[in-house]
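# Commentary on secondary and tertiary structure
Letter by letter, the chains look like this.
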Amino acid sequence: MTKRSSSSQSPRDRILWLLANSGGKLARSDLRRSMAMKYSDLDPILKTLVRMDKIRISGETITLL
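Residues numbered from 1 in each chain as written. Predicted model: local features only at pLDDT ≥ 70, side-chain atom pairs only at ≥ 80, totals over all residues. Heavy atoms only, no water.

### Some words on the pattern of salt bridges
Note the threshold: Any carboxyl oxygen of Asp or Glu that lies within 4 Å of a side-chain nitrogen of Lys or Arg is treated as forming a salt bridge with it. Each helix is a run of DSSP H or I of at least 4 residues and each strand a run of E of at least 2, with the numbering of both proceeding from the N terminus. Here's how the labels work: a residue is buried when its accessible area is under 20% of the maximum for its type, exposed when over 50%, partly exposed in between, all with a 1.4 Å probe on protein chains only.
Under the criterion given, the structure shown has 2 salt bridges. Salt-bridge contacts for arginine 28 lead to aspartate 43; the nearest nitrogen and oxygen are separated by 2.9 Å. Taken as a pair, arginine 28 in helix H2 (residues 28–35) and aspartate 43 in helix H3 (residues 39–51) lie far apart in primary sequence, 15 residues in all. By relative accessible area, which is 19% here, arginine 28 ends up buried.

Below you can see the structure in the form of structure tokens.
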């Protein structure tokens, strides 16, 4: 039996893919669960995406722009 390798997508690309395939919106907790990451690891990536104008964070909702 072989071990499943991790995705070749960057976490940033995976977040954008998840948002695109979720109607463009996700709750922060759902995104964290889907990414299987701690908030302390996820939040810096989200801040980068906000600075790049790829997403908007409003309360607990993350929206793809």
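Still to come is the rest of the account.
### Here's the deal with the nonpolar core
For soluble globular proteins, nonpolar side chains are generally found buried alongside one another. What counts, and what does not: Note on terminology: a nonpolar core comprises buried Ala, Val, Leu, Ile, Met, Phe, Trp, Tyr and Cys residues joined through side-chain atoms within 4.5 Å. Contacts between residues were defined by any pair of non-hydrogen atoms, one from each residue, lying within 4.5 Å.
Ranked by internal contacts, the top residues of the largest apolar core, which has 14 residues, are Ile15, Leu31, Met35, Leu42, Leu46 and Ile55. Listed by contribution, the elements that provide at least two residues to this core are helix H1 (11–20), H2 and H3. Residues in contact with leucine 31, not counting those within four places in the same chain, are Ile15, Leu18, Leu26, Leu42, Leu46 and Ile62.

### Considering H2
This is how it is decided: Picture the helix axis, draw a direction to every C-beta atom, and the arc is the one those directions span.
Restricting attention to buried positions, one finds in H2 the residues Arg28, Leu31 and Met35. Here the buried residues of H2 occupy an arc of 65° about the axis, which is enough to place them on one side. Buried residues along H2 sit in contact with H1, strand E1 (25–27), H3 and strand E3 (61–64). One or two positions beyond H2, positive phi appears at alanine 36, with a value near 55°.

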